[in-house]
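# Chains, contacts and geometry: an overview
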There are 2 protein chains.
Amino acid sequence: MINFTVGPVQSSDAVRAIGAEQVPYFRTAEFSDVMLENECLMKKFSHATEDSRVVFLTCSGSGGMETAIMNTLTKADKALVINGGSFGERFVELLTLHEIPYDEIKLEHGKALKPEHLAPYEGKGYTAFLLQKHETSTGVHYDINLVSDFCKRNGCFLIVDTISTFLCDPFDMAELNAGVMITGSQKALACPPGIAVMVLAPSALKRIENTKCCCQYFDLRLALKNQERGQTPWTPAVGVLRQINVRLKEIDAAGGAETEIGRTAKLAQYFRSQLVKYNLPFEIISESLSNAVTPLHPTTRSAYEIFLKIKDDYGMWICPNGGDMKDSVFRVGHIGNLTVADFDKLIEAFVDMQTKRFI
Amino acid sequence: MINFTVGPVQSSDAVRAIGAEQVPYFRTAEFSDVMLENECLMKKFSHATEDSRVVFLTCSGSGGMETAIMNTLTKADKALVINGGSFGERFVELLTLHEIPYDEIKLEHGKALKPEHLAPYEGKGYTAFLLQKHETSTGVHYDINLVSDFCKRNGCFLIVDTISTFLCDPFDMAELNAGVMITGSQKALACPPGIAVMVLAPSALKRIENTKCCCQYFDLRLALKNQERGQTPWTPAVGVLRQINVRLKEIDAAGGAETEIGRTAKLAQYFRSQLVKYNLPFEIISESLSNAVTPLHPTTRSAYEIFLKIKDDYGMWICPNGGDMKDSVFRVGHIGNLTVADFDKLIEAFVDMQTKRFI
């Protein structure tokens with residue numbers, strides 16, 4: 001199977017080799033060194049300030065999103081949230097559950113964020129801003145500079161879900177003055193799922209210190225205290241953390257985050273150019289694309305039927321959408337250990353489906 | 001390295017082979033089949049009733065403990081909890097955090113639970129009972145029949161942490177009338193850490209239905225709804241879940257839970273007999289042993305120094321204790337892919353340390 005989903009994605013041979021090893025005992029200096037190196041490289045690749053901190057939680061990216069809210073926001077906040085797809089909707093659900101006062105900026109699926117969307121909220125006393133830098137469900141890459149500028153003008157604490165855009169599109173945490181960034185092990189980190197990574201700026205650390213988290217497992221004060229010595233309060237997904245270590249060092253050796261972003265951008269551009277070249281019956285539904293994924297609306301067949309066909313008859317996974325986009329949208333990811341040759345095979349499959357009048 | 005800790009433990013070759021594979025995309029019928037088979041085998045091995053359910057959470061066993069409390073207990077409960085070590089203490093912390101009224105039965109480290117400990121609480125209106133069937137930190141295997149009988153007489157909902165005893169010591173969920181049992185992927189399931197497994201009896205399902213969970217990520221209503229079709233609400237540790245599948249089938253093929261318990265019991269007995277045979281300077285600190293682990297107090301040297309020595313000079317991990325037991329107790333686990341020959345090597349190392357007057 002070739003995997004073109006947006007996670008879990010294909011891992012490198014070095015990452016898979018770690019997966020084959022016995023998982024070592026972890027309350028040791030050796031494992032602490034791995035964790036501290038992971039922290040250091042995550043700060044480097046996210047361009048965090050030196051006094052930022054990193055924690056690794058054993059959970060999904062959604063667990064990281066909820067952890068951010070539970071540990072840095074309170075009922076005294078007034079939050080603004082972008083809701084342009086399933087993950088924006090999840091932030092809204094979480095703010096509701098945790099009783100954080102908020103307003104949401106609803107964007108139509110596929111639409112970019114523009115200055116006029118933010119204008120009505122200027123100078124209205126908002127204290128926090130939450131968004132997906134890349135709304136994975138619709139493949140819309142929001143203009144983070146627009147949001148960062150708004151936050152700087154309005155004194156908002158900025159929580160950025162970078163789950164599917166980290167290492168795919170440029171991100172400079174310090175320059176953006178973001179408080180929290182969240183990513184997951186199974187996106188461009190290209191490791192098995194199981195770990196959410198959070199980079200926390202000093203502004204976040206201060207909020208965490210003054211917030212009582214309602215869930216012990218996700219209490220960032222405990223996570224931060226333990227990570228001081230490269231440990232975690234609870235048994236973590238040790239295997240995945242070791243794989244993250246190998247992967248971060250791989251990226252570092254290859255030239256760092258910018259090189260990896262460039263590599264992904266080239267794959268995305270190549271795939272998109274082939275779509276045009278072969279005149280495939282798919283429309284790109286996003287006004288503002290990330291390098292991570294191409295969201296497509298097939299005009300001649302149900303998106304979900306195409307997903308099933310390509311899985312069962314061609315041995316490839318593309319990424320289906322859920323909910324009301326199930327039949328209208330599928331996505332093709334450009335993250336993980338993929339090459340131009342893989343995309344050639346995918347295009348070939350689409351062309352074959354077209355020849356056979358399936359699409 | 002040979003790993004004699006209580007988790008992560010050594011995996012079989014078949015489990016490690018899965019670790020080397022690419023992680024597949026999981027919103028598919030194929031992965032649903034794996035999850036439904038996992039549910040079926042977990043019910044079989046825990047001797048749960050047919051109408052029980054199983055959920056797989058991407059977190060540690062401690063996450064499972066907190067999930068049980070958040071989803072089945074409320075402020076209207078009156079809980080009784082056994083606190084005889086670090087994990088009993090964790091239950092106490094969690095009950096405090098979640099504002100569940102409780103009383104704790106404090107037991108001295110290493111001491112067994114006896115009828116006189118429960119007697120004062122008879123007929124006092126307790127609605128829930130929480131305990132570690134095996135308090136991993138001190139290696140005390142509590143008399144679960146005593147607790148089950150108390151719960152039956154007093155109408156208590158029973159939450160059992162079986163994290164380190166599942167597949168090591170007999171457990172019959174239906175006969176005990178337990179509401180919840182919790183285990184983790186990295187104990188006798190002998191897979192990498194990352195997954196907590198919860199078996200939920202109908203009594204638990206009813207409580208879950210009527211309890212508002214304060215954390216979306218751990219909301220068992222969402223987990224149960226998704227598991228109906230073999231899925232999870234959030235991206236799970238797909239790789240570990242596939243490894244659990246291989247492992248459960250391995251156990252099934254070898255004769256089921258009872259065979260695995262027998263195998264572990266033999267290793268424990270063998271190790272303990274060798275301790276006596278070689279007259280090693282270690283005292284067993286538990287009045288009531290599990291087959292999972294032997295907790296030892298070394299009489300001639302700091303337990304932590306022995307842990308370091310055996311790691312660095314002999315290439316083996318034994319399990320250190322934390323907190324105030326750091327220097328006085330270490331543990332030797334009998335779970336995971338270990339053989340008599342492995343224990344011979346450990347005994348040999350201890351004898352060598354004795355010859356060299358390190359212990």
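Just above, that's the structure.
Keep in mind that what you see is a predicted model, and the values were worked out from it rather than measured. (Residues numbered from 1 in each chain as written. Chains lettered and ligands numbered in written order. Predicted model: local features only at pLDDT ≥ 70, side-chain atom pairs only at ≥ 80, totals over all residues. Heavy atoms only, no water.)

The next subject is the sheet that holds strand S10 (residues 195–200) of chain A. Residue and element names in this part refer to chain A. One open sheet holds the seven strands; their spatial order is S2-S10-S9-S8-S5-S3-S4, and the pairing between them is mixed. Single-partner strands in this sheet number two, and they are strand S2 (53–58) and strand S4 (102–106). Across the sheet, the axes of successive neighbouring strands diverge by a mean angle of 15 degrees, strand direction being ignored. Where strand S3 (residues 79–83) lies against S4, five bridges are found, and the strand directions are parallel. What sits directly across from Val-81, in S4, is Glu-104. Docked against the sheet, helix H2 (residues 29–46) engages S2, strand S9 (180–184) and S10, running at close to 115 degrees with respect to S2. (Pairing = 2+ DSSP bridges. Helix = DSSP H or I, 4+ residues; strand = E, 2+ residues; numbered from the N terminus. Axes fitted to C-alpha atoms, helices over the stretch in contact; angles between N-to-C directions. Contact = heavy atoms within 4.5 Å.)

Residue and element names in this part refer to chain A. Of all six residues in S2, six are buried; the element is thus mostly enclosed. Across six bridges, the pairing between S2 and S10 is antiparallel. Within S10, the residue paired with Phe-56 across the bridge is Val-197. (Buried < 20%, exposed > 50% of the residue type's maximum accessible area, 1.4 Å probe, protein only.)

Bringing the pattern of salt bridges into the picture now. Per the counting criterion, the structure on display carries 42 salt bridges over all chains. In this structure, Lys-309 of chain A and Asp-313 of chain A form a salt bridge, with 2.9 Å as the shortest nitrogen-oxygen distance. Of the two residues, Lys-309 of chain A and Asp-313 of chain A are both situated in helix H12 (residues 303–314); the distance of four residues between them amounts to about one turn of the helix. Its relative accessible area of 26% is what places Lys-309 of chain A among the partly exposed residues. Lys-114 of chain B serves as the salt-bridge partner of Glu-287 of chain B, at 3.6 Å between the closest nitrogen and oxygen. In this pair, Glu-287 of chain B is assigned in the loop between strand S11 (282–284) and strand S12 (293–298) and Lys-114 of chain B in the loop between strand S4 (102–106) and helix H5 (115–118), connecting sequence segments 173 residues apart. With a relative accessible area of 43%, Glu-287 of chain B lands in the partly exposed category. Connected through salt bridges with shared partners, the residues Arg-247, Glu-250, Glu-260 and Arg-263 of chain A form a single ionic network. (Salt bridge = Lys/Arg side-chain N within 4 Å of Asp/Glu carboxyl O.)

Our next topic: the interface of chain B and chain A. Listed by partner, the interface residues are 54 residues for chain B and 54 residues for chain A. Between chain B and chain A the total buried area reaches about 4,000 Å² when both faces are included, carbon and sulfur atoms providing 60% of it. For the chain B face of the interface with chain A, the top three residues by lost area are Gln-22, Tyr-25 and Gln-216 of chain B, together amounting to 17%. The interface formed by chain B and chain A holds two salt bridges in total. Here chain B and chain A share 14 residue pairs in polar contact (both at pLDDT 80 or more) between them. Those elements that place two or more of their residues in the side of chain B that touches chain A are helix H1 (13–20), helix H3 (61–72), helix H4 (86–97), helix H12 (303–314) and strand S14 (319–320) of chain B. (Buried area = accessible area lost by both parts, 1.4 Å probe. Polar contact = N/O pair within 3.5 Å; in protein donor to acceptor, adjacent residues only side chain to side chain.)

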